[in-house]
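Chains, contacts and geometry: an overview
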Amino acid sequence: MYDVGESRVKTPRYVALEGDADQILDALTIDGAVLDEQLIFRQATPGLESRFADISPIGQTILDFIDGPEARKRLVEFCAAHQGRSITALPSRLDDEDTSLSNISVDNLTCGFVDVPLTRLRMVARISVLTALNDMPNGFLLRALPGSAISNRPEDNINRIDAQSRSSAHRILSQLSHAYWEDDLVSGEFLASEVWRTMRGVAVDAPVATFYADWNERIHPEDRPALSVYLRKLHQGQADFVPVIYRERHVDGHWMTILCKGAVVEWDANGAAVRIAGTDADITASHSAEEYTRQMAHLEQRWLIAAEYGQLGLWDNDEIAGTRYVSQTWRAMRGFGPDDTFDESYEALVERTHPDDRAALAEQIEAATNGKSDVVLLEYREKHCQGHWISILSRGRVISRDDQGRASRIIGIDTDITEIKASTEKIHRMSRRLELAIEATQVGIWDVDLSTRQMVWDARMMQIFGHDLLPGHIPIEKWEAALHPDDKQRVLSQTRDVVAGEIEFLDDYRIIRPDGTVRHIRARTTDVFDEDGRRSLIGVSWDVTADVEAADELRQAHALARERNDELERARAEMEYNALHDALTDLPNRRYLDEQLRKPFGPDHQFAVMHLDLDRFKQINDTLGHVTGDAVLRHVAGVMNGIVPKTATVARIGGDEFVVFFETAPRRELLVQIAELIVAELHVPFQANGQDCRIGASIGVALGRLRSKSSQEVFENADMALYEAKSSGRGRCVFFSEDMRIALKTKRVLADAVLGGLERDEFFCVYQPQFESGSLRLSGVEALVRWRRPDGTIELPSKFLGLAEELGVVNRIDQKVLSQVIADQENWKAMGLPVPRVSVNISARRIADPQLPQHLEELNIKPGQIAFELLETVFLDTPNPIITSNIAAIRSKGIEIEIDDFGTGHASIVGMLQLQPDRLKIDQQLIGPLVLGEKQGILVKSIIDIGRMHGIDIIAEGVETADHVRLLKQMGCHFLQGYGLGMPMPECDLRSRLKAGHWDFSAVA
């Protein structure tokens, strides 16, 4: 049997070919049988494809046993055709006459066999395809019976080999150089060749059965398990042609080493092995030398493995050879990799050594080098390559010295004892802790040698029992005499049981000291055994008199506690009630509501929540005091309890917020009716704490089913509805809708975009020019913030400033605008472009920021170049000290102050005069109607007159027509600003206008 693959005919891989045809024939015969003195080579076992591997050591292939080039060509063509592969190369040892094989064609080979003559045994053999159970090719069969239908299916081969053929095979096999054997698994008959007998020292005519019966007993005990596994697999057809080596005792008593190979040669109809055959070879001589070498290598390997697993770092310094070897463990403990290089010099070693250990290292090296000692034994610290210190125990020995007696070779091992050192230190600390604990707890320690009845006490024991003696031996009788008469019998009885080994002592007893005082002692013992197995007792005792006295006091206190138990139970109930109710209004609180919501409602159960918030309550608290505020809250609780049905729960959840929880939601109309009645009743004036009070209420209502919404979500919905009620005018009831959630989500998205815009530097400013009313010369510009979104959209302040105020980031926007204005001013100055003044809007939050003066100090602001525009609503009649201080700081920097949108706020003229701004800007809502008639200009003219009277310049916003320009000029307005004179423009456009020195006033001409 052979296999053709990847253009090469393969030869046996597991057979060690000796160089002659007999050995080749022997190897082939092991795998099959011989019938009628003709070779039948059958291989239908696992491992078929790998049976023939590359060309053998002597260069032979199966082609060497085919007679004639034509026959060899037919064989290769046949194998290639049935393997489905092309032949691109052939064995190099073919004769010149075989060169025609390079022109092999496989297209016309469709038959299932090929007949070839053999050079050995001089017979014609037929090679046919072996098929597996699935009818797929499974190799090739060499047989000497043309026309027979041998296959690899067991049912086709039953009784295929007759007794006469097997006898003929035995005659041939008995002449082979290897010991042949055959085992009938059905009958138990075992046959063996003469070589098999001679190898084991068995007489040729001796019955094999007797010798084979105790064969297992002659197998070396160490090899029996492996051999048993091999035989089991061999019987199952799983170890065909697989070699096994084992030791067997010779008849004369010595051990011999056997190389055995076997295979199944006959199967029954069920696929079970019927007969196995194989060969044995005595390899004792060659195996002994190999075994010695293997054992030596094994010993070396075991040492290296032991050293590595033992974390021993090997080192070898050979001064004569000029080499230094260190093991991988030596490297690893210092943090070096297998291929890392490092400085191996003495100086480098000293540098890596801890400064405190360098002297000892030098002393050890000097002693070993100069012959003072042949042993190196040093514990020192070395710096790891990662920077920390490791502790190393280095042990070595001088192996050889030179003629001057200096060490020429030293070998040793290093052990990383860092953890050991740490553990030792830990043990030391634990020992110290134990000493401190014993000292702190005032425990006395004693022990008794039961064989000698000698007792030893420490100093604390002497102190506990009131003896002024040094630690040491003390008679047991002295201890017995100190026992209290009422406890003595019990303690001595327990002691006898302890001595007998029946119990451990753990009990309290009393003693009487020599001075007559009674002390309570607690003692505990345990058994200890020395190296000779002698038993002794060790125990601890401590004075628990204070504990006993405290226990007596506790018993007395326990009686008192029983008396107060009922009172505590009442207090517990009251505390539980208080935990679930508001202390001020006696209404249920949020925790009570949470308990209600944990009830086992059905999945479709619908409930309702009203969330109420009081209007103007903060003003009452601030002006009338918290006592009045508390009275207002109690009034609200009474009103709500009087209106809300008893089936609902009125709760106060904090501050001026109340909740009405309907466990079962009523009709919407009823909810509206209840909410409107609450709002109306709370709007009625009332007296609280002797004060007239007027409040209002806003209510948000939400419904929910536990199946679709969590209770928390319903409360959030009610809160959103409340927010909508307050935003839309207060004093009303609003039901939650999904539009509110969408609006909130939209607002959240916009808020994220604003915050992201600040991070991405998307905010910038544009400039709108301002002109003198008479000459229309440029008097300044106003910086206006804009937002350029990632998609290129430009947003006006009305889109984002209010939200920025809520987010608390309007200061950052102000700072961004101010920084850009200062930078632009520097550029204009460098280019010689005159811009008299830039007005910058400052938010109310910014002007009230205590850090504003510090931020202004960090900016390079030139006096007279910047004006801050403040909204009229920033200053009220009631002064704000922070705003007042910040305005003073602004003026000190030479920054002018303008009041923006004057005439639309709530500040008084007095407040404005106190501020003394440099300019007032009249809002465009007042400027726009000027052209409609004389009546519309009275207010504007009054503001201009007031400003001029107090030396305050006036700027009119919203100038769009020539009539606006004419009327404002007649009224005495100083400066004009509006779309008719100039649109807000980017800095680049403003720069272009400044360079041109020309402005387009066609809209107001």
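Rules used throughout
- Every chain is numbered on its own, with residues counted from 1 as its sequence reads.
- Only residues with pLDDT of 70 or above have their local features reported here, since the model is predicted, and side-chain atom pairs are shown and tallied only from 80 upward, although totals for entire chains, interfaces and linings are computed over all residues.
- To get the side-chain values, all heavy atoms of the structure are used, and hydrogens and water are removed first.
- In this description a helix means any DSSP run of H or I spanning at least four residues, a strand means any run of E spanning at least two, and both kinds are numbered starting from the N terminus.
- Any pair of residues with heavy atoms lying within 4.5 Å of one another is described as a contacting pair.
- Paired strands, in this sense, are two strands between which DSSP finds at least two bridges.
- For helices, the fitted line uses only the C-alpha atoms of the stretch in contact; every axis is such a line through C-alpha atoms, and the angle between N-to-C directions lies from 0 to 180 degrees.
- UniProt positions are given in the numbering used here, feature names are shortened, and annotations may be inferred rather than shown by experiment.
- Expected helix span is given by 1.5 Å per residue-to-residue step, counting one fewer step than there are residues.
- Buried residues are those whose accessible area, probed at 1.4 Å on protein chains only, stays under 20% of the maximum for their type, while exposed residues exceed 50% and partly exposed ones sit between those limits.
- Along the arc lie the directions from the helix axis toward the C-beta atoms.
- Remark: nonpolar core denotes a set of buried residues (Ala, Val, Leu, Ile, Met, Phe, Trp, Tyr, Cys) joined through side-chain atoms within 4.5 Å.
- What counts as a ring pair is set by centres within 6.5 Å for rings of Phe, Tyr and Trp (its six-membered ring), and what kind of pair is set by the plane angle: stacked under 30 degrees, edge-to-face over 60, tilted for all other angles.
- Should the NZ of a Lys or the CZ of an Arg lie within 6 Å of a ring centre and within 35 degrees of the ring normal, that charge is described as sitting over the ring.
- By definition in this entry, angles of less than 35 degrees are roughly parallel, angles greater than 145 are roughly antiparallel, angles of 65 to 115 are roughly perpendicular, and the rest are oblique.
- Note on residue categories: nonpolar means Ala, Val, Leu, Ile, Met, Phe, Trp, Tyr, Cys or Pro, charged means Asp, Glu, Lys or Arg, and polar means any other residue, Gly included.
- Whenever a carboxyl oxygen of Asp or Glu lies within 4 Å of a side-chain nitrogen of Lys or Arg, that contact is scored as a salt bridge.
- Contacts described as polar in this section are N or O atom pairs within 3.5 Å, which, within protein, must combine one atom able to donate a hydrogen with one able to accept it, while residues neighboring in sequence count only if both atoms come from side chains.

**Comments concerning the overall build of the protein**
- A tally of regular secondary structure across the protein gives 31 helices and 41 strands.
- Contacts spanning at least 24 positions in sequence make up 58% of the contacts within the protein whose residues lie at least 6 apart.

**Concerning the side chain of Thr369**
- Tracing the backbone shows Thr369 in helix H10 (residues 358-369).
- In this view, Thr369 contacts Arg401, Gly405, Arg406 and Ala407; residues no more than four positions away in its chain are not counted.

**A word on the sheet that holds strand S28 (residues 657-662)**
- Within the open sheet, the five strands sit side by side as S27-S28-S26-S31-S32. Their pairing is mixed. Each end of this open sheet is capped by a strand with a single partner; those strands are strand S27 (648-654) and strand S32 (733-735). Within this sheet the neighbouring strands show an average axis-to-axis angle of 20°, counted without direction.
- Sheet topology note: the strand S26 (residues 606-615)/S28 ladder contains six bridges and is antiparallel. Within S28, the position partnered with Leu612 by the bridge is Phe658.

**What to know about the UniProt feature "coiled-coil region" (unreviewed entry) in the protein**
- With numbering aligned to this structure, UniProt lists the feature "coiled-coil region" (unreviewed entry) at residues 551-578.
- With 100% helix and 0% strand, the stretch residues 551-578 has end C-alpha atoms that lie 35 Å from each other.

**Details of unusual backbone geometry**
- Positioned with a positive phi, Arg453 is a non-glycine residue whose angle comes to about 60°.
- One can find Arg453 in the loop between strand S20 (444-449) and strand S21 (454-457).
- Not every positive phi belongs to a glycine, and Arg730 is a case in point at roughly 65°.
- For Arg730, the location among the structural elements is in the loop between helix H20 (711-727) and S32.

**Details of the sheet that holds strand S11 (residues 190-192)**
- In spatial order, the strands read S11-S10-S14-S13-S12; together these five strands make up an open sheet with antiparallel pairing. Each of the sheet's edge strands pairs with one partner strand only, and the pair in question is S11 and strand S12 (244-249). The sheet shows a mean angle of 30° between the axes of neighbouring strands, taken without regard to direction.
- One ladder, built from nine bridges, connects strand S13 (residues 255-267) with strand S14 (residues 273-282); its direction is antiparallel. In the sheet register, Ala263 faces S14, and the bridge partner there is Ala277.
- Strand contacts of helix H6 (residues 224-235): strand S10 (179-184), S12, S13 and S14, with the helix running at about 20° to S13, the strand carrying the most contacts.

**A word on helix H26 (residues 881-892)**
- Helix length check: H26 (12 residues) gives 17 Å between terminal C-alpha atoms against 16 Å at 1.5 Å per residue, within 8%.
- Two residues or fewer after H26 comes Gly894, characterised by a positive phi angle close to 80°.

**Some words on the environment of Arg218**
- Mapped onto the elements of the fold, Arg218 is located in the loop between helix H5 (208-213) and H6.
- Along the sequence, Arg218 and Trp255 sit 37 residues apart, while their C-alpha atoms lie 9.2 Å from each other.
- When neighbours within four sequence positions are excluded, Arg218 is seen to be in contact with Phe211, Arg247, Glu248, Arg249 and Trp255.

**Digging into helix H19 (residues 668-683)**
- End to end, H19 covers 23 Å across 16 residues, agreeing with the expected 22 Å (1.5 Å per residue, within 8%).
- Of all the positions in H19, only Leu671, Ile674, Ala675, Ile678, Val679 and Leu682 are classed as buried. All buried residues of H19 lie within an arc of 130° about the axis, which places them on one face of the element. Across from the buried face of H19, at angles greater than 90 degrees, the exposed residues are Glu669 and Gln673.
- Those residues of H19 that are buried lie in contact with S26, helix H18 (626-643), S28, strand S31 (696-705) and S32.

**What to know about the nonpolar core**
- Residues Val838, Val840 and Phe868 are the most contacted members of the largest nonpolar core, which totals 71 residues.
- With seven residues, the top contributor of residues to this core is helix H23 (residues 810-830).
- Ignoring sequence-local partners within four residues, the contact set of Val840 consists of Ala783, Val817, Leu818, Val821, Ile866, Ala867, Phe868 and Glu869.

**Here we look at the packing of aromatic side chains**
- Counted under the stated rule, the structure contains 15 aromatic pairs.
- Ring centres of Phe505 and Tyr509 lie 6.3 Å apart, and the angle between their planes is 75°; on these two criteria the pair is classed as edge-to-face.
- Judged by relative accessible area, Tyr509 falls into the buried class, the value being 4%.
- Members of the aromatic cluster, connected to one another through ring pairs, are Trp181, Phe190 and Trp196.
- It is Arg788 that lies over the ring of Phe764; its NZ or CZ is 4.2 Å from the centre.

**Brief notes about the packing of helix H21 (residues 738-759) against helix H22 (residues 797-807)**
- Packing of H21 against H22 leaves a shortest axis separation of 10 Å and a crossing angle of 85°. By the criterion of interaxial angle, the relationship of H21 to H22 is roughly perpendicular. In contact with Lys747, Leu750, Ala751, Val754 and Leu755 of H21, H22 contributes Lys799, Phe800, Leu803, Glu806 and Leu807.
- A class-by-class count of the residues in the contact of H21 with H22 yields seven nonpolar, no polar and three charged.

**Some thoughts on the environment of Leu755**
- Turning to its location among the elements, Leu755 is positioned in helix H21.
- Leu755 sits in the partly exposed class, given a relative accessible area of 30%.
- Setting aside anything within four residues of it in sequence, one finds Leu755 in contact with Leu807 and Val809.

**A few points about the pairing of S14**
- Burial analysis of S14 places nine of its 10 residues in the buried class, which makes it a mostly covered element.
- Here six bridges tie S10 to S14, and the two strands are oriented antiparallel to one another. Its bridge partner lying in S14, Asp184 is registered against Arg275.
- In textbook terms, the turn of a hairpin is the stretch between consecutive antiparallel strands, and for S13 and S14 this stretch comprises five residues, one of which, Gly271, has a positive phi near 85°.

**Re the pattern of salt bridges**
- One pass over the structure, following the stated rule, counts 52 salt bridges.
- Arg490 serves as the salt-bridge partner of Asp507, at 2.5 Å between the closest nitrogen and oxygen. In this pair, Asp507 is assigned in strand S23 (residues 506-512) and Arg490 in helix H14 (residues 485-499), connecting sequence segments 17 residues apart.
- The class for Arg490 is partly exposed, based on a relative accessible area of 32%.
- Taken together, the salt bridges that share partners define one network made up of Arg200, Asp214, Arg218, Glu248 and Asp280.

**Here we look at the side chain of Glu382**
- In this structure, Glu382 sits in strand S17 (residues 375-383).
- A distance of 3.0 Å separates a polar atom in the side chain of Glu382 from a polar atom in the side chain of Arg334.
- A polar contact is formed between the side chain of Glu382 and the side chain of Arg352, at a distance of 2.9 Å.
- Those residues in contact with Glu382 that lie beyond four places of it in its chain are Arg334, Leu349, Arg352, Thr353, His388, Trp389, Ile390 and Ile392.

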